[in-house]
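Here's the letter readout for the chains.
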Amino acid sequence: MTSWTPCLAEARAPKVHGWLVNYVVEKNPHSEEIRLAWSADPDLVVARAGRALTTERLTKKHLADVSSPWRPPDLYRARTR
């Protein structure tokens, strides 16, 4: 359990969760350990924050991989056809 877990579990407002995950935990040098611990937490709010950290991790990994052929779909073009 990390020192941020009780803060996240006690605060039930989504804006507080977003702020804590995006501006505090994500910048923490131990964010990977926190992500793993939170993803396995039985509290659904804490587990959701762990998944948010996983999404951020995958996004950064993909953006760092310049050779990746994946491109986001052009949703506007698909809707206008």
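You'll find the structure just up there.
Residues numbered from 1 in each chain as written. Predicted model: local features only at pLDDT ≥ 70, side-chain atom pairs only at ≥ 80, totals over all residues. Heavy atoms only, no water.

1. Overview of the environment of Ala11
So, point 1. By secondary structure assignment, the location of Ala11 is in the loop between helix H1 (5-10) and helix H2 (14-25).
So, point 2. Note on Ala11: relative accessible area 18%, which makes it buried.
So, point 3. Distance from Ala11 to Val45, taken between C-alpha atoms, is 9.4 Å for residues 34 residues apart in sequence.
So, point 4. Discounting residues that sit within four places of it in the chain, Ala11 has contacts with Val16 and His17. (Helix = DSSP H or I, 4+ residues; strand = E, 2+ residues; numbered from the N terminus. Buried < 20%, exposed > 50% of the residue type's maximum accessible area, 1.4 Å probe, protein only. Contact = heavy atoms within 4.5 Å.)

2. So, H2
So, point 1. The terminal C-alpha atoms of H2, which comprises 12 residues, lie 15 Å apart, in line with the 16 Å expected from a rise of 1.5 Å per residue.
So, point 2. All buried positions along H2 are accounted for by His17, Leu20, Val21, Val24 and Val25. Buried residues of H2 fall within an arc of 120° about the axis and therefore sit on the same side. Away from its buried face by more than 90 degrees, H2 exposes Pro14, Lys15 and Tyr23. (Expected span 1.5 Å × (residues − 1). Arc of directions from axis to C-beta.)

3. Description of helix H3 (residues 31-39)
So, point 1. Buried within H3 are the following residues: Ile34, Arg35 and Trp38. Down the axis of H3, the buried side of the element spans an arc of 105°, and every buried residue falls inside it.

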